[in-house]
Amino acid sequence: MAASISSAQARAKVARAARPKVYTPYSNWFYLPSAVIYGVLFIVPTFASLYFSLTRWSLFESKFIGLENFKLFFSEPQLVKGFTNTLIFAVVTSGTKVVLGLLLAVLLTSQIVARGYLRSVVFFPVLVSTIGVGITFTVLMNPEHGLINGALGTLGIDGPGWLTDPKYALLSVAAVDIWKGVGLATLIYIAGIVSIPREYMEAARVDGAGSWETFRRIVLPLSRPATVTVIILSLIGGLRSFELIWAMTRGGPGFTSDVIASVIYKQYQAGFYGLSTAGNVVLFLAVTAIVLPLSYFLNRKEVDL
């Protein structure tokens, strides 16, 4: 089977290499609109944030104070807890989305009844407002009157305080985030699986490979680009998480489910605008420091394969 797959891969590479590449004299100008939009919406706000993080500012005035905001931010007592919770939330949600997204994509690309309907059901939570999802699950997870504990009670199980118990609050929000975001991961995996050349599947079938062997030797390695995309997108989303956590727990009970973004928002609410801007810069640098090396490593391994 391996020889058949290798020959099919070789034929596909030759076909790609034979495709003509077309260039036009003014093709680079097509990048100009995107560059302008990128500069206005990303480059300018980034440098403005860097400047205002070095000031004590309000809507009408600002005073340059150097690195004082960063010193004050790193002396924030809840910073370590916020960083820890952010990493836990990002790793749990991104890892689970990768596993569930792949399994659901394999299921939804197989020959099953109502496949199109099930795809819509899985993707639907992605379209729902994050705040709306947070409010809905806050009601459902109410320890006394919520539907979830009510259903568990009928089975003789005493449900916990999903959002009021410090042991469960962060993981409960993470579970809701997974429910909301796994549809996008599934969609990306479906696109990756559907793009696998059918010759590989046929070669595996001719060689007598079963479903597990086909998944392990063909689907899993050839859907690696989709895996890299899901990991990067879900990890960035997890590190920047705020709306769902704020809608469901506001960082509570106490500070047990605070993440970096909620710590920054609480500083903004207190009127420390320069301090919160410095926190945003720190969060941006932290996300960049984690995601860029990981993206380089994953894409390099993909090229090596």
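Report on the accompanying structure.

Calculation notes
- Residues numbered from 1 in each chain as written.
- Predicted model: local features only at pLDDT ≥ 70, side-chain atom pairs only at ≥ 80, totals over all residues.
- Heavy atoms only, no water.
- Helix = DSSP H or I, 4+ residues; strand = E, 2+ residues; numbered from the N terminus.
- Buried < 20%, exposed > 50% of the residue type's maximum accessible area, 1.4 Å probe, protein only.
- Contact = heavy atoms within 4.5 Å.
- Salt bridge = Lys/Arg side-chain N within 4 Å of Asp/Glu carboxyl O.
- Expected span 1.5 Å × (residues − 1).
- Bend = angle between axes of the 7 residues up to and from the residue.
- 1 Å grid on protein atoms, 1.4 Å probe; cavity = no way out; pocket = protein on both sides within 12 Å on 5 of 7 lines; lining within 4 Å.
- Points joined across faces, edges and corners; volume = space filled by probe spheres on them.
- Phe/Tyr/Trp six-rings, centres within 6.5 Å; stacked < 30°, edge-to-face > 60°.

Topic: the side chain of Ser 276
Then, number 1: Structurally, Ser 276 is set in helix α14 (residues 273–304).
Then, number 2: Residue Ser 276 is classed as buried on the basis of its relative accessible area, which comes to 5%.
Then, number 3: With residues up to four places along the chain from it excluded, the contact list for Ser 276 reads Ile 264, Gln 267 and Tyr 268.

A closer look at the pattern of salt bridges
Then, number 1: Here the structure, examined in full by the defined rule, presents five salt bridges.
Then, number 2: Asp 177 is the partner of Lys 97 in a salt bridge, and the nearest nitrogen-oxygen pair spans 3.0 Å. A residue pair is termed long-range when its members are at least 10 positions apart, and Lys 97 in helix α4 (residues 79–108) and Asp 177 in helix α8 (residues 169–194) qualify at 80 residues. Each member of the pair, Lys 97 as well as Asp 177, is classed as buried.

Observations regarding α8
Then, number 1: The terminal C-alpha atoms of α8, which comprises 26 residues, lie 38 Å apart, in line with the 38 Å expected from a rise of 1.5 Å per residue.
Then, number 2: Along α8, the sharpest change in direction is near 40° and occurs at Gly 181.
Then, number 3: Most of α8 is tucked away: 19 of the 26 residues are buried.

Some thoughts on the environment of Tyr 273
Then, number 1: In this structure, Tyr 273 sits in helix α14.
Then, number 2: What makes Tyr 273 partly exposed here is its relative accessible area of 26%.
Then, number 3: For the pair Tyr 273 and Phe 52, spaced 221 residues apart in sequence, the C-alpha to C-alpha distance is 8.7 Å.
Then, number 4: When near neighbours in sequence (up to four residues on either side) are disregarded, Tyr 273 contacts Trp 57, Ser 58 and Tyr 268.

Let's talk about the layout of surface pockets
Then, number 1: Its boundaries defined by the atoms lining it, the largest pocket holds a volume of some 1100 Å³.
Then, number 2: Around the largest pocket, the lining is made up of 42 residues, and of these Ile 236, Gly 237, Arg 240, Ser 241 and Glu 243 lie nearest the centre.
Then, number 3: Counting residues per element, the ones that place at least two in the lining of the largest pocket are α2 (32–52), α4, α8, α11 (224–239), α12 (243–248), α13 (260–269) and α14.
Then, number 4: Top element by residues in the lining of the largest pocket is α14. It accounts for eleven residues.

Observations concerning the packing of aromatic side chains
Then, number 1: Summed over the entire model, instances satisfying the criterion amount to 14 aromatic pairs.
Then, number 2: Arranged with centres 5.8 Å apart and planes meeting at 25°, the rings of Phe 242 and Trp 246 form a pair that is stacked.
Then, number 3: What makes Trp 246 buried here is its relative accessible area of 13%.
Then, number 4: On the basis of an interplanar angle of 55° and a centroid distance of 5.2 Å, the ring pair of Tyr 268 and Tyr 273 is categorised as tilted.
Then, number 5: For Tyr 268, a relative accessible area of 43% translates into the label partly exposed.
Then, number 6: Here a set of aromatic residues connected by ring pairs shows up, and it is made of Tyr 51, Phe 52, Trp 57, Phe 242, Trp 246, Tyr 265, Tyr 268 and Tyr 273.

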